[in-house]
Amino acid sequence: MKTVSESRCFGGVQGVYTHASQATGTEMTFGLFLPEQAEDGPVPVLWFLAGLTCTHENAMIKAGAQRWAAEYGMALVFPDTSPRGPGVPNDEAYDMGQGAGFYVNATEGPWAKHFRMWDYVTDDLPHLVFNTFPVDESRQAITGHSMGGHGALTVAMSFPGRFASVSAFAPMTNPSVCEEWGRRQFTAYLGRDESLWGQYDATVLMRKRGFDGPMLIDQGTADQFLEHLRPEALATAVAERRQGAILRLQKGYDHSYFFVSSFIEDHIAFHATALHG
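A. Highlighting the state of the cysteines. On inspection of all chains with the given rule, the structure shows zero disulfides. Of all cysteine sulfurs, the one in Cys-178 lies closest to Cys-54, which takes part in no disulfide; the gap is 18 Å.

B. The arrangement of the environment of Phe-163 in detail. Mapped onto the elements of the fold, Phe-163 is located in strand S7 (residues 163-169). In this structure the C-alpha to C-alpha distance between Phe-163 and Leu-275, which are 112 residues apart in sequence, comes to 8.9 Å. Every residue in contact with Phe-163, bar those within four places of it in the chain, is listed here: Trp-47, Gln-140, Ala-141, Ile-142, Val-155, Ala-156 and Phe-211.

C. Looking closely at the pairing of strand S1 (residues 2-9). Two strands pair when backbone bridges link them, and S1 and strand S2 (residues 12-20) are joined in this way by seven bridges, in the antiparallel orientation. Bridging across to S2, Arg-8 finds its partner in Val-13. Counting the residues in the hairpin turn of S1 and S2 gives two residues, including Phe-10, whose phi is positive at 50 degrees.

D. Molecular detail of helix H9 (residues 257-276). With 20 residues, H9 ought to run about 28 Å at 1.5 Å a step, and its terminal C-alpha atoms sit 27 Å apart, in line with that. At Phe-263, H9 shows its strongest bend, of approximately 50 degrees. The N-capping residue of H9, defined by a side-chain oxygen 3.2 Å from the backbone nitrogen of Phe-258, is Ser-256. Phi turns positive one or two residues past the end of H9, at Gly-277, with a value near 75 degrees.

E. Here's a closer look at the side chain of Thr-154. On the secondary structure map, Thr-154 appears in helix H4 (residues 147-158). At a separation of 2.9 Å, a polar atom in the side chain of Thr-154 contacts the main-chain carbonyl oxygen of His-150. A distance of 3.1 Å separates a polar atom in the side chain of Thr-154 from the backbone oxygen of Gly-151. Thr-154 has contacts with Trp-118, Gln-199, Tyr-200, Asp-201, Ala-202 and Leu-205, leaving out every residue within four places of it along the chain.

Calculation rules
Residues numbered from 1 in each chain as written. Predicted model: local features only at pLDDT ≥ 70, side-chain atom pairs only at ≥ 80, totals over all residues. Heavy atoms only, no water. Disulfide = S-S within 2.5 Å. Helix = DSSP H or I, 4+ residues; strand = E, 2+ residues; numbered from the N terminus. Contact = heavy atoms within 4.5 Å. Pairing = 2+ DSSP bridges. Expected span 1.5 Å × (residues − 1). Bend = angle between axes of the 7 residues up to and from the residue. Polar contact = N/O pair within 3.5 Å; in protein donor to acceptor, adjacent residues only side chain to side chain.

Right under this line is the structure:
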């Protein structure tokens, strides 16, 4: 691991680091905020998965999460959204290839060699973080925005007992039935066997197994991508399963980080309650 930068931030440290990833076979970059409380021992951690076209920087810089994480004594991890670099396949479309890993393990060429973001965010990066920094592996929560909200929900439901809580901002909730943000990418990354897609679909997973902790989802009513996000599909699955969840429609908010930063305090307080008991 190499240190790119470390900056004092709300009494703690906001760092940016690179490392050689076994999952992707590339060098990966991530951000990590450690609050001042980490000087006295391991602190709980909130994973923040970002959306399409984003790097580790977008949420790290725009969400305003560090202020509230510092108050609650919580670490924040900001992974990248895909492998990058020479030899990594890409696509002319903004929603395919680099910057658009969809948090899946690709099985189809040319993507399969490097696009293993599921393994990266669930195994590779956590192994590095927990073995390098004063972060408590027994106290984890996860959140994300858009494509990252899809990642947060699917990861949380796939690892019972790992995460104390899950939240999402304007998540892609039912990608296996959405042509624009889901079916096209899943076909390219995973192949045409749709029976393999459900493991990466929050609505399918909600019907199948649900989540064993508190859940919070915020969705703006003026979101320009509502038809791709399909919040009603997940809401229906939540109701059918009788899953404990807080689903909020925020009037007039769009898909941007102005929306995320407006409600990030709520989300961090929500996770702090779960993580600190």
